[in-house]
Amino acid sequence: MNTIHTQTDVMDVISGLADCVTEVEANELTSDVVQMLGAQWFVYTTMLPPEYNKVDESFRFFIGCSPELCEIYNNRMWMMNDPFFEYARTSSAPLVGSKIQARTAGQQELMRVSAQHGFRSGLVVPTHTSMDASKRMGLLYIGSELPAEIGEPLLMLKRVQFGALGMELLLW
């Protein structure tokens, strides 16, 4: 199969997000794209701080992973200490998950539990609408059940497509 043709098809599917009417449609399309690109799991989160939202900080999630992982994440309030969010607040380049340092016991636990739920290798894709991530920020985390040494190089090869997917989700 022609690689360029396959990439064009994926990009066409990604651009179809603009036509999704409901979050369910957008989530299903995102899941399809993630699988087309060779991964199994994803979580996408957008954050809008209170000064831009006129209420408490708000989050929107698109989830394509184990509901149990999401429940654990929320119950342990890992959002407050998530090393991937820390990276995304100050960076815009996609980075494999193993390159992000877990500095606290809570962050190490987050990484361990995520790996148990299918995120053995991952790609962190920050998305922003301005140079200041504090205004509006998104984070697409792609997961693969492959070990990091195998899965992460494969995910990194698709970083442009995953970046396009993340930006489309942010704009949606």
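For the structure itself, consult the block above.
Residues numbered from 1 in each chain as written. Predicted model: local features only at pLDDT ≥ 70, side-chain atom pairs only at ≥ 80, totals over all residues. Heavy atoms only, no water.

Take the nonpolar core next. Within the largest apolar cluster, 24 residues are counted, with the highest numbers of intra-cluster contacts made by Leu 140, Ile 142, Phe 162 and Leu 165. Of all elements in the fold, only helix H1 (3–15), helix H2 (23–36), strand E1 (41–48), strand E4 (121–128), strand E5 (137–144) and helix H8 (159–171) reach the threshold of two or more residues within this core. In this structure Phe 162 touches Val 34, Leu 37, Ala 39, Leu 123, Val 125, Leu 140, Ile 142 and Leu 155, once residues within four positions along its chain are discounted. Counting residues in each nonpolar core, the second largest holds 20 residues, with Phe 85, Tyr 87, Ile 100 and Val 113 among its members. (Core = buried A, V, L, I, M, F, W, Y, C linked by side-chain atoms within 4.5 Å. Buried < 20%, exposed > 50% of the residue type's maximum accessible area, 1.4 Å probe, protein only. Helix = DSSP H or I, 4+ residues; strand = E, 2+ residues; numbered from the N terminus. Contact = heavy atoms within 4.5 Å.)

Below, the discussion takes up the packing of aromatic side chains. All told, the structure shown has 5 aromatic pairs when counted by the stated rule. With a centroid separation of 4.4 Å and an interplanar angle of 20 degrees, the aromatic rings of Phe 84 and Tyr 141 are classed as stacked. Of this pair, Phe 84 sits in helix H5 (residues 83–90) while Tyr 141 sits in strand E5, placing them 57 residues apart in sequence. Given the relative accessible area of 5%, Phe 84 is considered buried. Exposure remark for Tyr 141: the relative accessible area of 11% places this residue in the buried category. An aromatic cluster of at least three residues, connected via ring pairs, comprises Tyr 44, Phe 62 and Trp 172. (Phe/Tyr/Trp six-rings, centres within 6.5 Å; stacked < 30°, edge-to-face > 60°.)

Honestly, that's just the spatial picture; any functional story needs more than this.
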